[in-house]
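# Descriptive analysis of the structure
What follows is the residue order along each chain.
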Amino acid sequence: MYQLHKKKFLVGSSLFLILMIGVAATTVQDKKPKPNLKVLPKDISHEELEKIMKGFNVSLGVKCNHCHAPSKTNPKKLDFSSDEKPEKDVARSMMRMTAKVNKKYFNYVEEGKTVLTCITCHNGKEHPESKITLPPPPPER
């Protein structure tokens, strides 16, 4: 009887330990501050950061190297924390602007609740078109 309780205790303790190690590893990874974030929260999860960056890709029709400079040690990789490219500061300014507009005019202060986003003006283009195209006039009768 004692052996059975001992085995259950060891199995239960082992499972608990494995679970705690898994939780600790996940928590440390998610809470690790990202270097050089100036507009986004420094403790943003990798998944949320990736979602935002992919949104920029789609909204502006660009790839990551549009804002991120190549790594000095391996030019085939990007240095995400570098501020070498001016486009990165432009993106930060645009993020601040859209956040301010959404808060002031649309009263959205919760994350994820926005009216104005990059795609609103860019429509998948690197630079938004500044000219308004009017529809053709109706045909004369």
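Our structure is the block above this text.
Residues numbered from 1 in each chain as written. Predicted model: local features only at pLDDT ≥ 70, side-chain atom pairs only at ≥ 80, totals over all residues. Heavy atoms only, no water.

### Regarding the pattern of salt bridges
On inspection of all chains with the given rule, the structure shows 7 salt bridges. Of the charged contacts in the structure, one is a salt bridge between Lys72 and Glu84, with a shortest N-O distance of 2.7 Å. Linking Lys72 in the loop between β1 (69-70) and β2 (78-79) with Glu84 in the loop between β2 and α3 (86-106), this pair joins segments that are 12 residues apart in sequence. The burial state of Lys72 is the same as that of Glu84; both residues are exposed. For Glu129, the salt bridge goes to Lys125, with nearest N and O atoms at 3.3 Å. Overall, the relative accessible area of 48% leaves Glu129 in the partly exposed class. Residues joined by salt bridges that share partners form a network here, namely Lys38, Asp83, Lys88, Asp89 and Arg92. (Salt bridge = Lys/Arg side-chain N within 4 Å of Asp/Glu carboxyl O. Helix = DSSP H or I, 4+ residues; strand = E, 2+ residues; numbered from the N terminus. Buried < 20%, exposed > 50% of the residue type's maximum accessible area, 1.4 Å probe, protein only.)

### Thoughts on the side chain of Ser71
By the element assignment, Ser71 lies in the loop between β1 and β2. Residue Ser71 is classed as buried on the basis of its relative accessible area, which comes to 16%. Reaching out from Ser71, the side chain makes a polar contact with the side chain of Thr73 at a distance of 3.1 Å. A polar atom in the side chain of Ser71 sits 3.4 Å from the backbone nitrogen of Asn74. Residues in contact with Ser71, not counting those within four places in the same chain, are Lys77, Leu78 and Asp79. (Polar contact = N/O pair within 3.5 Å; in protein donor to acceptor, adjacent residues only side chain to side chain. Contact = heavy atoms within 4.5 Å.)

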